[in-house]
Amino acid sequence: MSQAEEGSALLTVAVDGLEAEGPSVYISVYTDADSWLGDTVVARGRVNPAEGSFSTAITLPPGRYAFTAYLDVNGNGKLDSNFIGIPKEPVALSNNAKARFGPPRFDDAVFELSAEGVTQTIRLAVPE
């Protein structure tokens, strides 16, 4: 785990339940409902984990955030979905927010990142 710089905090994302080694996990961090699930992010990263579980740290200023993560099973660098937009690859959101009749809301995934930092534990799964 890396150290946070002065004026910043560490968001640690712990991922459980990986069933394959090698595929990349992509994480995107958002600051507001207007940018939620879009291309405007405050941080984006890719991790190539081992099977089982892993954690990664992201340095950000303290504030309110939400993030998405997905396992790129086929290695094409994007989240694959079916014809109505439901992901076909394992996904997770901060607070383990779930979709209900559409994409999860920003308010369901948002959390407070304090100067002390925070750990979010998520489980990647294909939506039902």
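Because the structure is a prediction, the values reported are computed rather than measured.

### Re the packing of aromatic side chains
All chains considered together, the criterion is met by four aromatic pairs. Residues Tyr26 and Tyr70 carry aromatic rings whose centres are separated by 5.2 Å and whose planes lie at 15° to one another, so their mutual orientation is stacked. One end of the pair, Tyr26, is in strand S2 (residues 24-30); the other, Tyr70, is in strand S5 (residues 63-72), with 44 residues separating them in the sequence. With a relative accessible area of 19%, Tyr26 lands in the buried category. A centroid spacing of 5.3 Å and a plane angle of 80° characterise the contact between Tyr30 and Trp36, whose relative ring orientation is edge-to-face.

### Some details on unusual backbone geometry
The phi torsion at Asn95 lies on the positive side, around 60°, for a residue other than glycine. Within the element layout of this structure, Asn95 appears in the loop between strand S6 (91-93) and helix H1 (106-109). The exposure class assigned to Asn95 is partly exposed, which follows from its relative accessible area of 37%. One non-glycine residue, Asn96, lies in positive phi territory at about 50°. Within the secondary structure layout, Asn96 lies in the loop between S6 and H1.

### With respect to the side chain of Asp72
In this structure, Asp72 sits in strand S5. Look at Asp72: it is buried, it has no salt bridge, and the nearest opposite charge is Arg46 at 7.1 Å. Sequence-distant contacts of Asp72, that is, excluding residues within four places in its chain, are made with Pro23, Ser24, Tyr26, Gly77, Lys78 and Glu89.

### Let's talk about a nonpolar patch on the surface
Together, Phe83, Ile84 and Ile86 make up a nonpolar patch on the protein surface, roughly 380 Å² of accessible area in all. Residue position: Ile86 is located in the loop between S5 and S6.

Cut-offs used in this document
Residues numbered from 1 in each chain as written. Predicted model: local features only at pLDDT ≥ 70, side-chain atom pairs only at ≥ 80, totals over all residues. Heavy atoms only, no water. Phe/Tyr/Trp six-rings, centres within 6.5 Å; stacked < 30°, edge-to-face > 60°. Helix = DSSP H or I, 4+ residues; strand = E, 2+ residues; numbered from the N terminus. Buried < 20%, exposed > 50% of the residue type's maximum accessible area, 1.4 Å probe, protein only. Lys, Arg positive; Asp, Glu negative; His and termini not counted. Salt bridge = Lys/Arg side-chain N within 4 Å of Asp/Glu carboxyl O. Contact = heavy atoms within 4.5 Å. Patch = residues over 30% accessible without salt bridge, like charges linked within 9 Å, V, L, I, M, F, W, Y side chains within 5 Å. Areas by Shrake-Rupley, 256 points an atom, 1.4 Å probe, with all protein chains shown as cover.

Limitation: the analysis is restricted to geometry and does not speak to function.
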